[in-house]
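Each chain, letter by letter, is given below.
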Amino acid sequence: MMYRTGFGIDFHRFAEGRKLWIGGIDIPHHKGALGHSDADVLLHAICDAMLGALALGDIGIHFPDTDPANKDIDSKILLKRCYQLIRQKGYKVVNVDSTVCLELPKLKPHTQRMREVIAEILKITAGDVSVKATTVEKMGAIGREEGLCAYATVLLIKAEE
C-alpha cells in the first residue's frame, strides 16, 4: 500500500514535583505528568499513531515501563526510535494532526515550538505538523485538572527507493 494512516491516544495523571513535557518542550506549570518516562502525552500519541499505521503495536510493546532503560527517558528519543522503525519498513511521514486536551496551562504560546520540535524529528516541515489544544469544559478528570490526554493521526507514504 502506498499510504497508511494511524491513530494514537495517550493519557497521564498530573503530579506534584514533575516537569510538564508536551510536544518535546518543558511547559511551565505547577504540576507535571506522571509516568515511567517523561510522560509527554503528545509525543506518545504520535508514536502510537505511527506504529499503528503499520500495525507495529504500540509504544508499550516497544518501550515497556518494566524496562529500567526507559525510566525517565526523554520522549523525543522514543519518537526518533518510532520514526526509525517506520523508515525501516520503507515509509516516511506525510503529516501529523494532533490535539492535546487539558484545562491548564494554556498551550497556544507553545504550539509553534512543539510543531518545530516534532517536525525536526520526523524530517518534515512545521507546516506538516498540526498541534491544537482544547479544554474539556471542566468535565471529568481532565476537567478537574487531574490529568491530560492527547490524540494524534499520522499519514505515512511508501518512500521512493
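Here we summarise the structure given alongside this text.

**Concerning the overall build of the protein**
Along its length, the protein carries 5 helices and 7 strands. Moving toward the C terminus, one meets the helices and strands of the protein in the order β-β-β-β-α-α-α-β-α-β-α-β. For the protein, with 161 residues in total, the buried portion stands at 48%. A total of about 8100 Å² of accessible surface is found on the protein, and carbon and sulfur atoms cover 54% of it.

**Thoughts on the packing of helix α3 (residues 75–88) against helix α4 (residues 111–122)**
Closest axis-to-axis distance for the α3/α4 pair is 9 Å, and the angle between their directions is 35 degrees. By crossing handedness, the relation of α3 to α4 is classed as right-handed. Contact with α3, carried on its side by Lys76, Leu79, Lys80 and Tyr83, involves Val117, Ile121 and Leu122 of α4 and no other residues of that element. Here the residues of the contact of α3 with α4 sort into 5 nonpolar, no polar and 2 charged.

**A look at the nonpolar core**
Grouped together as the largest cluster of nonpolar side chains are 46 residues, with contacts concentrated most on Ile22, Leu42, Ile46, Met50, Val93, Leu122 and Leu148. Within the residue set of this core, elements represented by two or more residues are β2 (20–22), β3 (25–27), α1 (41–53), α3, β5 (91–101), α4, β6 (129–134) and β7 (147–158). Broken down by element, the residue count for this core peaks at 10 residues, all from α1. Residues contacting Val93, with those up to four places away along its chain left out, are Tyr83, Ile86, Leu122, Ile124, Val154, Leu155 and Leu156.

**Topic: the packing of aromatic side chains**
One pass over the full model with this rule turns up 1 aromatic pair. Between Phe7 and Tyr151, the aromatic rings sit 6.3 Å apart at their centres with planes inclined by 35 degrees, giving tilted as the arrangement. One end of the pair, Phe7, is in strand β1 (residues 3–15); the other, Tyr151, is in strand β7, and 144 residues separate them in sequence. Tyr151 sits in the partly exposed class, given a relative accessible area of 31%.

**Some words on the environment of Tyr3**
With respect to the helices, strands and loops of the structure, Tyr3 is situated in strand β1. For the pair formed by Tyr3 and Ala55, sequence separation is 52 residues and the distance between their alpha carbons is 13 Å.

**Here we look at the packing of α1 against α3**
For any two helices packed against each other, one specifies the inter-axial angle together with the distance between the axes. Across the interface, α1 lies against α3 with an axial gap of 9 Å and an inter-helix angle of 10 degrees. For the element pair α1 / α3, the angle class is roughly parallel. The segment α1 lies against α3, with Leu43, His44, Ile46, Cys47, Met50 and Leu51 engaging Ser75, Lys76, Leu78, Leu79, Cys82, Tyr83, Leu85 and Ile86.

**Focus: α3**
Over its 14 residues, α3 extends 20 Å from the first C-alpha to the last, a length consistent with the 20 Å expected when each residue adds 1.5 Å. Here α3 has its buried residues at Ser75, Lys76, Leu78, Leu79, Cys82, Tyr83 and Ile86. Buried residues along α3 cover an arc of 155 degrees about the axis, so they all sit on one side. For α3, the N-terminal capping position is held by Asp74, with its side-chain oxygen 2.8 Å away from the main-chain nitrogen of Lys76.

**Focus: the side chain of Asp38**
Here Asp38 lies in the loop between β4 (32–33) and α1. Here Asp38 is buried and forms no salt bridge, its nearest opposite-charge partner Lys76 lying at an N-O distance of 5.7 Å. A distance of 3.2 Å separates a polar side-chain atom of Asp38 from the backbone nitrogen of Asp40. At 2.4 Å, the side chain of Asp38 and the side chain of Ser75 are in polar contact. Beyond its immediate stretch of four places on either side in the chain, Asp38 contacts Arg18, Trp21, Ala33, His44, Asp72, Ile73, Asp74 and Ser75.

Calculation criteria
Residues numbered from 1 in each chain as written. Predicted model: local features only at pLDDT ≥ 70, side-chain atom pairs only at ≥ 80, totals over all residues. Heavy atoms only, no water. Helix = DSSP H or I, 4+ residues; strand = E, 2+ residues; numbered from the N terminus. Buried < 20%, exposed > 50% of the residue type's maximum accessible area, 1.4 Å probe, protein only. Areas by Shrake-Rupley, 256 points an atom, 1.4 Å probe, with all protein chains shown as cover. Axes fitted to C-alpha atoms, helices over the stretch in contact; angles between N-to-C directions. Left-handed = near helix turned anticlockwise from the far one by under 90°. Contact = heavy atoms within 4.5 Å. Nonpolar A, V, L, I, M, F, W, Y, C, P; charged D, E, K, R; others polar. Core = buried A, V, L, I, M, F, W, Y, C linked by side-chain atoms within 4.5 Å. Phe/Tyr/Trp six-rings, centres within 6.5 Å; stacked < 30°, edge-to-face > 60°. Parallel < 35°, antiparallel > 145°, perpendicular 65-115°, else oblique. Expected span 1.5 Å × (residues − 1). Arc of directions from axis to C-beta. Polar contact = N/O pair within 3.5 Å; in protein donor to acceptor, adjacent residues only side chain to side chain. Lys, Arg positive; Asp, Glu negative; His and termini not counted. Salt bridge = Lys/Arg side-chain N within 4 Å of Asp/Glu carboxyl O.

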